[in-house]
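Listed below, chain by chain, are the residues.
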Amino acid sequence: MDALITQFFNLEIMLKAWPMMLRGLGMTVLLCLAVIPLGLAGGLIVALASTSSSRAVRWTTAILVDIFRAVPPLALLIFISAGLPFAGIRLSPFAAVCLSFFLNNSAYYGEIIRAGIESIGDGQRQAARSTGLTALQTQAYVVLPQAIRNVLPDLVSNTIEVVKLTSLASVVAFAELLYSAEMARSVTYNASPIVMAALMYLALLWPAVRFASSLEHKLKS
Amino acid sequence: MQDDAALLSISGLRLSYGATEVLKGLDLEARRGEMTFIIGPSGSGKSSLLRCCNRLEEPSAGRILIAGEDITKPGANLNRIRRRIGMVFQSFNLYPHMTAAGNVRLALQKVLKKSRSEADAIAMAQLDRVGLSGHAHQYPAQLSGGQQQRVAIARALALEPAIMLFDEPTSALDPELVGEVLKVMRALKDDGMTMVVVSHEMRFARSAADQVVFIAEGRIVETGPPEQIFENPQVQRTRDFVAQAEH
């Protein structure tokens, strides 16, 4: 029992690692602030493209979505950061993470938003078009506000997954939370920083998880 | 344009869904200020006909003129045409995420580019016209079916259309709510609005319509004033339908 406490819940080590961990947390937040809006924007484009009236656009989108949903995000990230330099494209770790997350998340967010769009009856579109609104205005003011609302719990759940997945950035030496914990562990020969990182993720995500559940509850009633 | 001229003029209208032809060459005129009532068995193409008039359906052949403008010609500016044609749907199709006033305001602001306050004033006036100014800030879910349909009528009227199309406006309503919608429609007629109505409200057709068109299997069987269609139909098919509809 003692060994468990010294190895995993060592307060002294945690205190020492604190500044480094805090920087790591800051980088994780920064990463989230970049990849979540990027993914949502990409997802919106994917959703609109996959409900387009042009068959060519729909099919191209479907193929891309399938590919990026099937490829493991870690494999994608390693390919982008280690493979692309051979093609003369050299990205910073931050840019590589952003690009791979953009490709992966756009596909996932896109599928969620598409389901939302498809949940809106055709009558809404017809009513909007019959008053002279363009197709784009109809999407923006009539369809999307309702569609997003209908799938909000799924969007929040997916966002929570994205936040956790940002720890993948540690494999390309981006000093986010998990990477900082790993560094702290390797210099202290003690796993407490990893536990600390887990607690920090928990503190970051628990309110979001609660929010998702309460949303789901509210929409059901 | 003269007062008695046809505001809506349809000639040779055909519409197909895949291999099935639902409209098989229709000719129809609706005169300015008149209420044209379209009756017929379900599946006869009444709603499809109406939906061709603002190109929610694409006709496969024929011509539709509204106020002299050919809306079926290639390159016609649909969005400009549609705001001159008000449409009321069977299932209301109000935007559930907007208040009654918000529903009326949307096209005023986004299509006619009116300011928020201008749009608001028009919305309130139109809601008042359908007797719902007191419900302007309620959401569709808080309104009865009859009230929702009246908001939908106000939404269409706000754009000052030249013609109003009603697609079974009372079919989704509980019987006790039908009257309030018909009352609004009659008031519109008294104001001189040109209307084309698809409906099963035969009693209303008798008393309010200027012209009744009986359609069956994608063709016009008989057209005439309500007295003719309901009292003295000239075609056996019409006679059968009217007898059955009034049981």
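Residues numbered from 1 in each chain as written. Chains lettered and ligands numbered in written order. Predicted model: local features only at pLDDT ≥ 70, side-chain atom pairs only at ≥ 80, totals over all residues. Heavy atoms only, no water.

### Section: the overall build of chain A
And step 1. Along chain A, the regular secondary structure elements total 10 helices and 0 strands.
And step 2. Along chain A, from the amino end to the carboxyl end, the secondary structure elements read α-α-α-α-α-α-α-α-α-α.
And step 3. The dimensions of chain A, computed from C-alpha atoms along their principal axes, are 70 × 50 × 25 Å.
And step 4. Within chain A, the proportion of its 221 residues that are buried is 43%.
And step 5. Taking the contacts inside chain A whose residues are at least 6 apart along the sequence as the reference set, 76% of them involve residues at least 24 apart.
And step 6. Entry remark: accessible area of chain A is about 11,600 Å², with carbon and sulfur atoms responsible for 70%. (Helix = DSSP H or I, 4+ residues; strand = E, 2+ residues; numbered from the N terminus. Buried < 20%, exposed > 50% of the residue type's maximum accessible area, 1.4 Å probe, protein only. Contact = heavy atoms within 4.5 Å. Areas by Shrake-Rupley, 256 points an atom, 1.4 Å probe, with all protein chains shown as cover.)

### So, the packing of aromatic side chains
All names here are of chain A.
And step 1. Applying the stated rule across the entire model yields 3 aromatic pairs over all chains.
And step 2. Taking the centre distance of 5.7 Å and the plane angle of 35° together, the rings of phenylalanine 94 and phenylalanine 174 count as tilted. You can see phenylalanine 94 sitting in helix α5 (residues 93-118) and its partner phenylalanine 174 sitting in the loop between α8 (152-165) and α9 (177-188), a full 80 residues away along the chain.
And step 3. For phenylalanine 94, a relative accessible area of 29% translates into the label partly exposed.
And step 4. On the basis of relative accessibility, which here comes to 7%, the residue phenylalanine 174 falls in the buried class.
And step 5. Over the aromatic face of tyrosine 108 sits the side chain of arginine 69, whose NZ or CZ is 5.9 Å from the ring centroid. (Phe/Tyr/Trp six-rings, centres within 6.5 Å; stacked < 30°, edge-to-face > 60°. Lys NZ or Arg CZ within 6 Å of the ring centre and 35° of its normal.)

### Examining a nonpolar patch on the surface
Residues and elements named next belong to chain A.
And step 1. On the surface, a cluster of nonpolar side chains totalling about 520 Å² of accessible area is made up of Met1, Leu4, Ile5, Phe8 and Phe9.
And step 2. Mapped onto the elements of the fold, phenylalanine 9 is located in the loop between α1 (2-8) and α2 (11-50).
And step 3. The exposure class assigned to phenylalanine 9 is partly exposed, which follows from its relative accessible area of 44%. (Patch = residues over 30% accessible without salt bridge, like charges linked within 9 Å, V, L, I, M, F, W, Y side chains within 5 Å. Salt bridge = Lys/Arg side-chain N within 4 Å of Asp/Glu carboxyl O.)

### With respect to the confidence of the model for chain B
All names here are of chain B.
And step 1. Mean pLDDT over chain B stands at 92; residues scoring 70 or higher make up 98%.
And step 2. Within chain B, helix α2 (residues 78-82) has the poorest average pLDDT of any element, 87, and helix α3 (residues 100-110) the best, 97.
And step 3. Across the whole predicted complex the pTM is 0.87, and at the interface the ipTM reaches 0.90. (pLDDT = per-residue confidence, 0-100.)

### A look at the interface of chain A and chain B
And step 1. Taken together, the contact between chain A and chain B spans 16 residues of the former and 22 residues of the latter.
And step 2. In total, chain A and chain B occlude about 1,600 Å² of area from one another, counting both sides; carbon and sulfur atoms represent 58% of this.
And step 3. Counting the surface chain A buries against chain B, the share from its top three residues, Gln126(A), Ser130(A) and Thr131(A), is 33%.
And step 4. Connecting chain A to chain B are 0 salt bridges.
And step 5. The interface formed by chain A and chain B contains 5 residue pairs in polar contact (both at pLDDT 80 or more).
And step 6. Contributing elements (two or more residues each) for the side of chain A that touches chain B: α6 (122-130) and α7 (135-150) of chain A.
And step 7. For the side of chain A that touches chain B, the element with the most residues is α6(A), which contributes 7 residues. (Buried area = accessible area lost by both parts, 1.4 Å probe. Polar contact = N/O pair within 3.5 Å; in protein donor to acceptor, adjacent residues only side chain to side chain.)

### Examining the pattern of salt bridges
Close approach of charged atoms lets side chains of opposite charge pair.
And step 1. Taken as a whole and assessed by the stated rule, the structure comprises 18 salt bridges over all chains.
And step 2. A salt bridge links Glu111(A) to Arg69(A); the nearest nitrogen and oxygen atoms lie 3.9 Å apart. With a gap of 42 residues between them, Glu111(A) in helix α5 and Arg69(A) in helix α3 (residues 55-70) connect regions that are remote in the sequence.
And step 3. The exposure class of Arg69(A) is partly exposed, given its relative accessible area of 36%.
And step 4. Residues Arg51(B) and Glu57(B) are paired through a salt bridge, measuring 3.3 Å at the closest nitrogen-oxygen approach. Glu57(B) shares its class with Arg51(B); the two are buried.
And step 5. Through salt bridges with shared partners, one network takes in Arg69(A), Glu111(A), Arg114(A) and Glu118(A).

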